[in-house]
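Listed below are the residues making up each chain.
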Amino acid sequence: MSESYIQNLFAQRIGGNQYGKSNAIYKFEKIKRAKRAAMAAQPGQEILDLGVGEPDEMAFPQVVEKLCEEARKPENRGYADNGDEVLKQAAARYLDRVCGVKGINPETEIMHSIGSKAALSLLPAALINPADYVLMTVPGYPVFGTHAKYYGGLVHNLPLTEANQFLPDLDSIPAEVRSKAKVLVLNYPNNPTGASATPEFFARVVGFAKKNNLVVIHDAAYAALVFDGKPLSFLATPGAKDVGLELHSASKTFNMTGWRCGFVAGNPLLVRAYGDVKDNSDSGQFLAIQHAAAHGFDHPEITEKIAAKYARRMQGLVRVLANAGFKARPPKGSFFLYVQAPRSAEKKDGSRMVFHNAEEVSTWLITEKLISTVPWDDAGAYLRFSVTFVAKDLADENRILSQIAKRLEDVRFDF
Ligand SMILES: Cc1ncc(COP(=O)(O)O)c(C=O)c1O
């Protein structure tokens, strides 16, 4: 069949008339293929999957019950548009009680999202003109930057390095970029590094934003998953509401990734602009889901239980990886353990493998050891292990950790 005229209709932002023709395989697809090949090569063997980026368990029964109850109410049936007051009020209570953020007005300073990914994809429409710069951290969650580029914006990457505790070096940004930058996107606890911010860093960010006329978007998807102490909200920083927004999500906080619900909070003018773009893009999340999420935000003990489980698994995983030679240190939050990738691996049988990047290590681990991880090569070579691996109970969890140890027993890694 001759080439369809449709091929010439695609917008430049997705590749124009070259759309779909590239043979490049992206990282996550490569991992999937390597997993399939490893399973075919070693049938019946268990894959130890530490590459997943979402909770292994269902939402808590009380939240599921709440959804059922709310789904039966006729008044919840229709378009939710920008939402009712239920989630807004629960979100304001949550910010106050859990994050110590006082005085948020639920009417004007909070609005629901259909998950933080959706909010990050909508916000550039409100802020980005062609040639505006967005400051994004790498490695990181790229959605805001991708959409900013759709609008003709430019992305300036800020590497997250161990030497700087995986916080961006704001002083490194060239004056030319700073003068054209409109938005700084941050995410702490961070995916993939697992790093947490500090009140001092957030205070510097507020000062930097005011000095350079920037909006700060803080993606707090993992905010409440902390292993000791209280969650740290950007909005708890004096002056934060003058410069930005914080995005919270029920996905990781209450094991509700598939439900698609969260909220945006902060500067009222920014919340309003987000609401205007949102109103022109979707018709809101089902009110029954919003009300079930609100129940979650009113029950932070749910997140504390989830975080306790991750903390326990993290301790075990750090021990296992440290024994295998990795420089593994437990993060203060999230469910990610980010470790430097080895340069080579030598097995007891004398075979030696030299790695040029983290992707090669990850492929080797899945092929040779059936251990799945996510490689990151954006700012140094690192592997991300997630403690959301599936285990049916505590004994199974310990069995999986022992399995990892056993599979790495005959290898000496060099870093
Ligand atoms: C940093 C970060 N932000 C946002 C999201 C998406 O969150 P949500 O499920 O609320 O869209 C993820 C999910 O993996 C994430 O890692």
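Here the structure is shown first, and the text comes after it.
Computed from a prediction, not measured in an experiment: that's the story for all the values here.

Visitor: Run through the overall build of the protein, naming residues and quoting values.
Guide: Check the secondary structure of the protein and you find 14 helices and 15 strands. Since a compact globule built from 415 residues should have a radius of gyration of about 22 Å, the 22 Å found for the protein is in line with a globular shape. Structurally, the protein occupies a C-alpha span of about 65 × 55 × 50 Å along its principal axes. Taken over 415 residues, the protein has a buried fraction of 52%. The long-range share in the protein, meaning contacts at least 24 apart out of those at least 6 apart in sequence, stands at 71%. When the 49 positive and 46 negative side-chain charges of the protein are each reduced to one mean point, those points stand 3 Å apart.

Visitor: Can you explain the packing of helix α1 (residues 27-41) against helix α13 (residues 358-369)? Please cite residues and give values.
Guide: At their nearest, the axes of α1 and α13 sit 9 Å apart, and the two run at 25° to each other. For the element pair α1 / α13, the angle class is roughly parallel. Crossing geometry of α1 relative to α13 is assigned as right-handed. Across the interface between the two elements, Lys27, Lys30, Ala34, Lys35 and Ala38 of α1 pack against Glu359, Thr363, Ile366 and Thr367 of α13. Its residues assigned to classes, the contact of α1 with α13 comprises three nonpolar, two polar and four charged.

Visitor: Can you lay out the environment of Ser233 for me, pointing to particular residues and giving the numbers?
Guide: Within the secondary structure, Ser233 is located in the loop between β6 (215-219) and α8 (240-243). Here the alpha-carbon distance between Ser233 and Ser22, two residues 211 residues apart in the chain, equals 41 Å. In contact with Ser233, other than residues within four places in its own chain, are Cys99, Val101, Phe202 and Glu246. Reaching out from Ser233, the side chain makes a polar contact with the backbone nitrogen of Leu235 at a distance of 3.0 Å.

Visitor: Which residues make up the pattern of salt bridges, and what are the values?
Guide: Tallied over the full model, the rule gives 27 salt bridges. Between Lys66 and Glu69 there is a salt bridge, with the nearest N and O atoms lying 3.7 Å from each other. Here the residue Lys66 and the residue Glu69 both occupy positions in helix α2 (residues 61-71), the gap between them amounting to three residues, near one helical turn. Lys182 is the partner of Asp132 in a salt bridge, and the nearest nitrogen-oxygen pair spans 2.9 Å. Residue Asp132 is found in the loop between α4 (116-127) and β3 (133-138), and its partner Lys182 is found in strand β5 (residues 181-187); the two are separated by 50 residues along the sequence.

Visitor: Explain the packing of α4 against helix α10 (residues 268-279) residue by residue, including any values.
Guide: Relative to each other, α4 and α10 sit at 105°, their axes nearing to 9 Å. One element, α4, and the other, α10, form an angle in the roughly perpendicular class. Only Leu270, Ala273, Tyr274, Val277 and Lys278 of α10 make contact with α4, whose side of the interface consists of Ala119, Leu122, Leu123, Ala125, Ala126 and Leu127.

Thresholds, definitions, all that
Residues numbered from 1 in each chain as written. Predicted model: local features only at pLDDT ≥ 70, side-chain atom pairs only at ≥ 80, totals over all residues. Heavy atoms only, no water. Helix = DSSP H or I, 4+ residues; strand = E, 2+ residues; numbered from the N terminus. Rg over C-alpha atoms; globule rule 2.2 N^0.38 Å. Buried < 20%, exposed > 50% of the residue type's maximum accessible area, 1.4 Å probe, protein only. Contact = heavy atoms within 4.5 Å. Lys, Arg positive; Asp, Glu negative; His and termini not counted. Charge placed at Lys NZ, Arg CZ, Asp CG, Glu CD. Axes fitted to C-alpha atoms, helices over the stretch in contact; angles between N-to-C directions. Parallel < 35°, antiparallel > 145°, perpendicular 65-115°, else oblique. Left-handed = near helix turned anticlockwise from the far one by under 90°. Nonpolar A, V, L, I, M, F, W, Y, C, P; charged D, E, K, R; others polar. Polar contact = N/O pair within 3.5 Å; in protein donor to acceptor, adjacent residues only side chain to side chain. Salt bridge = Lys/Arg side-chain N within 4 Å of Asp/Glu carboxyl O.

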